[in-house]
Amino acid sequence: MIAPVVHILPIATIRREQLLPVPGRLVVRKGQHVSATDVVAEAIVNPEHIMLDVTRALGVSTAEADRHILCSTGAQVSKDDVLAGPIGLVQRVVRSPCDGQVVVAGSGQILLEVSQPPSQLLAGLSGTIVDLVGDRGVVVETAGAIVQGVWGNGKVDYGLLKVMIQDSGEELEAARLDVSMRGVVVLGGHCNQPELLTSAAEISLRALILTSIDVELLPLADTMPYPIIVIQGFGRKAMNIDAFKLLSTNDRRDVVVNAVRWDRYTGKRPDVIIELPASGQPAMPRDSEMFSTDQRVHIVRAPYAGKVGTLVTLLPGVSLLANGICTKSAQVRLEQGEEVVVPLANLEVIA
Amino acid sequence: MSRSSASADSVLSIDVGTINTRAALFDVVDGRYRFIASGTAPTTVDAPYKDIGESVGIALDRLQAITGRVIIGSDGSFIIPTRIDGSGVDKIVATLSAGPPLKVIVLGLLEDLSLGSAHRIAETTYAQVVESIGLNDPRNPAARIDTIIKRSPDLIIVAGGTNGGASQSVIQLLETVGLASYLIPKEKSPEVLFVGNEALQEEVKQIMGNIVSLNCAPNIRPTLSSERISAVHIPLAKIVGKVRARRISGVQELDRWSEGKMLPSATAFGRIIRFLSKVYDPNKGVLGVDVGAGSTTIAAGFSGKLSLGVYPEYGLGSQLKDLLAHTSINSISRWLHENTPRDYLQDYLYTKALYPASIPATSEDLDIEHALARQAMRLSIKRLTMEFSPPARRGDQGFLPSFEPILASGSVLTRAPSKGHTLLMLLDGIQPAGITTLVLDESHIISALGSAASINPALPVHVLETSAFVNLGTVISPLSNARVNTPILKVRMKADDGNELELVVNQGSLATLPLPIGQSAHLNLTPLQRTDVGMGGPGRGGRLKVVGGTLGIVFDARGRPIRLANEVVQRREANRRWLIQLGG
């Protein structure tokens, strides 16, 4: 059976395609080294337009207005440039209200696209540009450890990792943050206080890695200026032991927090990447797997949510769960040696 | 297995759902169509596959393994038609619900008329209306254009103007759409569906045909007082297929295999309900309920007239995190049987949204999932019944009209631990009135039947009478204003095997009479306290022939809407008691 995959790997070659939503301009070249927050491409993603009604402004018919339009489609114009006219005794004209580009001119109207600074696409990963994707983006590659999470607030940044928790189920309180943490990435635990998020912003934390978060805090987390990534889930939860070990043993290393939203269709998932020196080129993470014995698996639903273990047996047919549901299941040996039956639908393969 | 006729066509159906892909085989056995078997695989619409072909291939392999019938030849293509050695199939039908809801912008003239109708069109497929622009929209033309560009819609529906009516204002709307579409990058260019004044269609084609992918369909508002949503079902289904084919690999092949007749699963579901409403009792409607991960779909057919509602916002998968924008947490928790903290319920919504294919493995989680299914059905039915014409709406009382039967589909219903769980979910979620039969689509083939109906109308009728569909029971829902625990109905049942049973049904109760599956009986219903049992009005009773289902004959006297206790412990106890009553 096809298995979903979560990446929790101590070393891998990590490749990421970063694309603009619309065609734009690349500002890097192949082979160039970039940091996670370097701009790699830019484009006008949400253009703003102004419609100028030449007919009404000049007080003439549509046909006559067209004869007095001085600009043509594609023309760059500056604020106060005369776009139509003059006409009449008072020499009526139509001026451009802003810098911009003429998109359409005709039928007594001019549609202008207002000049604005372009949206910038960040590398999202510190590494090397290994490919250019037309006028849409780039492929960045690096070597390091990767831990995927489940939720992100849409921001990206990097810095030195500071481990603030000793236990995978610990809660991080706002009082434990201080100005000495300015510019660092904090590995925290569970967050159930809005003060933790706002204090982190006040001291200019570079990023916050959380085990879990109360769902009421998600709207606030979304507005924070720094990246927040949640590794395990919502409500108080302990971090899965593989992710916790990997993150907590890399204190004081450079990490990139790519707190994108998890999008199943595109495959984008929030992650933390720990930049590590690698000898040779480590293998790339496998994105697809079929369930099989001896795989390391992560359980995503109660009663063993957040536990990791080894898939011992794929049980034949369907198994009866304690709640009466019959479903395809596997026998999984948990860290402490206990063997439990888990629906395949509730497993991710760690790869 | 014996083939009764060489000309009878075997049918392979492929349904690509949000979570599962199913390949099902139908063939003729002893002169009648039967559902033979199905093979299932997790749908591979998501990354890293982004290609439904992968899951279709696995589902087909499983089907071949189960049936021993070779459907795919050594060259990797389908064997069509059936060969003398029994390999191959004659026809392929396909349905699709996988993929994110289409982002739709609706434009119309007046809020209550064309704009409202355009909204309702969007609600008949897997769509989410992201913007609505009317004649009285306060934004200037440039701002409207920017809004359309920013929203990056998959589909723009333009309505307005009765036939021979308004034209200039409709053209103005279309100019906005044309300009915006012109400015959207070509690969993201939306489909445009014009369903307004038919007299303008030629002019519209001339103005916009070269700028956008324009689709014209009959005017949904040919006159001010008429609305023809169902006339747009098939053109809309084609557009949905086009958009899906552009975004999802493997969809084009699926459409080709079905000779260009692939349908959105909801459209096929609606088609079978409409079809059955023409075949069954003309005095009653036929209701279909499909509770899925991607959406909840409700279809109601009345003598061939269909009302269809597809609600992605009430799906039990990745949209759950947004469910609280449409309903309160108390409206969900009222259905719980267990003492579940509010926070846990909220966390559940977000966790399930992260892992939409996961399943509840504890009693507590199962209880929540069932509560969500009930609320999803309540919300969907409330939305759709607002569209029923007044006679079908049963006055202003808000009761459902009489349906016979009610067909239910969806994994949450079929994988419940017992049929009692399933039936109670349906009774709570649908709250039927009068006398009806609840039928469960245990093999998830109802959309396939809708799709197959167009090539072979006998197939769905035959298959519906087989064990592929489970008769959960005849349900009688007496309506009374009597006080709780007051007797409101006396029942005497004489089964065909001679057994006689009597029952007094009290207001507020849920009671059953055992009657084995398929066995017939006659019921004598004597309403008390001017109770309406659905036999012609308050106080009217009579004799009724019924057929036993899994749960026998069920009397749901809990009122409409069901009156749940305000006190939490009392309410949970009642929910548990009702489940025990149904053997759950």
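**Section: the sheet that holds strand 7 (residues 49–53) of chain A**
Read from one edge of the open sheet, four strands run 7-12-11-8 (chain A), paired in antiparallel fashion. Because the sheet does not close on itself, it has two edges, and the strands there are strand 7 and strand 8 (76–77) of chain A. The sheet contacts of helix 3 (residues 141–151) of chain B involve strand 7 and strand 12 (109–114) of chain A, and relative to strand 7 of chain A the element is tilted by about 150°.

**Some points on the nonpolar core**
The biggest cluster of nonpolar side chains holds 277 residues, and the ones touching the most others in it are Ile209 and Val257 of chain A together with Ile157, Val158 and Leu254 of chain B. In terms of residue count, the dominant contributor to this core is helix 11 (residues 363–385) of chain B (10 residues). Ignoring any residue separated from it by four or fewer positions in sequence, one finds isoleucine 209 of chain A in contact with Val185, Val186, Leu187, Gly188, Ile229, Ile231, Leu247, Val257 and Val272 of chain A.

**What about the sheet that holds strand 29 (residues 329–334) of chain A?**
Residues and elements named next belong to chain A. One open sheet accounts for six strands, arranged 2-31-25-26-29-30; its pairing is mixed. Here the strands that pair on one side only, and so sit at the sheet edges, are strand 2 (5–6) and strand 30 (339–343). In terms of strand pairing, strand 2 meets strand 31 (residues 347–350) through two bridges, oriented parallel. Paired with valine 6 across the strands is isoleucine 350, a residue of strand 31.

**Notes on the domain arrangement of chain A**
All names here are of chain A. For chain A, the assigned domains are domain 1 (2–43 + 125–275), domain 2 (49–114) and domain 3 (291–350). Distance from the C-alpha centre of domain 1 to the C-alpha centre of domain 3: 28 Å. Across the boundary between the two partners, domain 1 contributes 11 residues, which contact 10 residues of domain 3. If you list the elements that add at least two residues to the side of domain 1 that touches domain 3, you get strand 2 and helix 5 (241–248). Partitioned by chemical class, the residues of the side of domain 1 that touches domain 3 number seven nonpolar, two polar and two charged.

**A few points about unusual backbone geometry**
Along the chain, alanine 47 of chain B connects to proline 48 of chain B via a cis peptide bond; the corresponding omega equals 5°. The topology assignment puts proline 48 of chain B in the loop between strand 3 (32–42) and helix 1 (52–67). Going from isoleucine 80 of chain B to proline 81 of chain B, the amide bond is cis rather than trans, its omega being -5°. Relative to the helices and strands, proline 81 of chain B is located in the loop between helix 1 and strand 4 (91–96). Its identity as a non-glycine residue notwithstanding, arginine 252 of chain A has a phi of 70°, on the positive side. By the secondary structure assignment, arginine 252 of chain A is in the loop between helix 5 and strand 22 (254–259). On the neighbour-count criterion, arginine 252 of chain A (9 C-beta atoms within 10 Å) is exposed.

**Some words on the domain arrangement of chain B**
Residues and elements named next belong to chain B. Looking at chain B, the domain boundaries give domain 1 (11–96), domain 2 (102–247) and domain 3 (266–581). For domain 1 and domain 3, the distance between their C-alpha centres works out to 31 Å. For the side of domain 1 that touches domain 3, the elements supplying multiple residues, two or more each, are strand 1 (11–16), strand 2 (20–29), strand 3 and strand 4. No other element matches the six residues that strand 3 contributes to the side of domain 1 that touches domain 3. Of the residues that constitute the side of domain 1 that touches domain 3, the class distribution is nine nonpolar, five polar and five charged.

**Considering helix 13 (residues 419–430) of chain B**
Residues and elements named next belong to chain B. For helix 13, built from 12 residues, the straight-helix expectation of 16 Å at 1.5 Å per residue is met to within 8% by its first-to-last C-alpha distance of 16 Å. Of all 12 residues making up helix 13, 12 are buried, and the element is well covered by its neighbours. For helix 13, the complete set of buried residues consists of Lys419, Gly420, His421, Thr422, Leu423, Leu424, Met425, Leu426, Leu427, Asp428, Gly429 and Ile430. With its phi angle positive at about 55°, glutamine 431 sits one or two positions after the end of helix 13.

**Quick look at the environment of asparagine 524 of chain B**
All names here are of chain B. Turning to its location among the elements, asparagine 524 is positioned in strand 20 (residues 520–527). Residues asparagine 524 and valine 240 lie 284 residues apart in sequence; the distance between their C-alpha atoms is 50 Å. Setting aside its immediate chain neighbours within four residues, asparagine 524 contacts Arg492 and Arg543.

Scoring rules and cut-offs
The residue numbering used here restarts from 1 in each chain and proceeds along that chain's sequence as written. To read the labels, note that chains go from A and ligands from 1, taken in the order they are written. In keeping with the model being predicted, local features are shown solely for residues with a pLDDT of at least 70 and side-chain atom pairs are shown and tallied solely at 80 or more, while totals for entire chains, interfaces and linings include all residues. Whether two strands pair depends on DSSP finding at least two bridges between them. A run of DSSP states H or I qualifies as a helix once it reaches four residues; a run of E qualifies as a strand once it reaches two. Both are numbered from the N-terminal end. Each residue is represented by a C-beta atom placed from its backbone, and any two residues with such atoms within 7 Å are regarded as in contact. To define axes, lines are fitted to C-alpha atoms, for helices over the stretch in contact only, and angles between the resulting N-to-C directions are given on a 0 to 180 degree scale. In these notes, a nonpolar core means any group of buried Ala, Val, Leu, Ile, Met, Phe, Trp, Tyr and Cys residues linked to one another through C-beta atoms within 7 Å. Working definition of burial: number of other C-beta atoms within 10 Å of the residue's own, with buried at 20 or more, exposed at 12 or fewer, and partly exposed in between, all C-beta atoms being placed from the backbone. Domain delimitation in this document rests on an assignment produced automatically or drawn from a domain database. When residues are grouped by polarity, Ala, Val, Leu, Ile, Met, Phe, Trp, Tyr, Cys and Pro land in nonpolar, Asp, Glu, Lys and Arg in charged, and all others, Gly among them, in polar. Here the expected length of a helix is defined as 1.5 Å per residue gap, with one fewer gap than residues.

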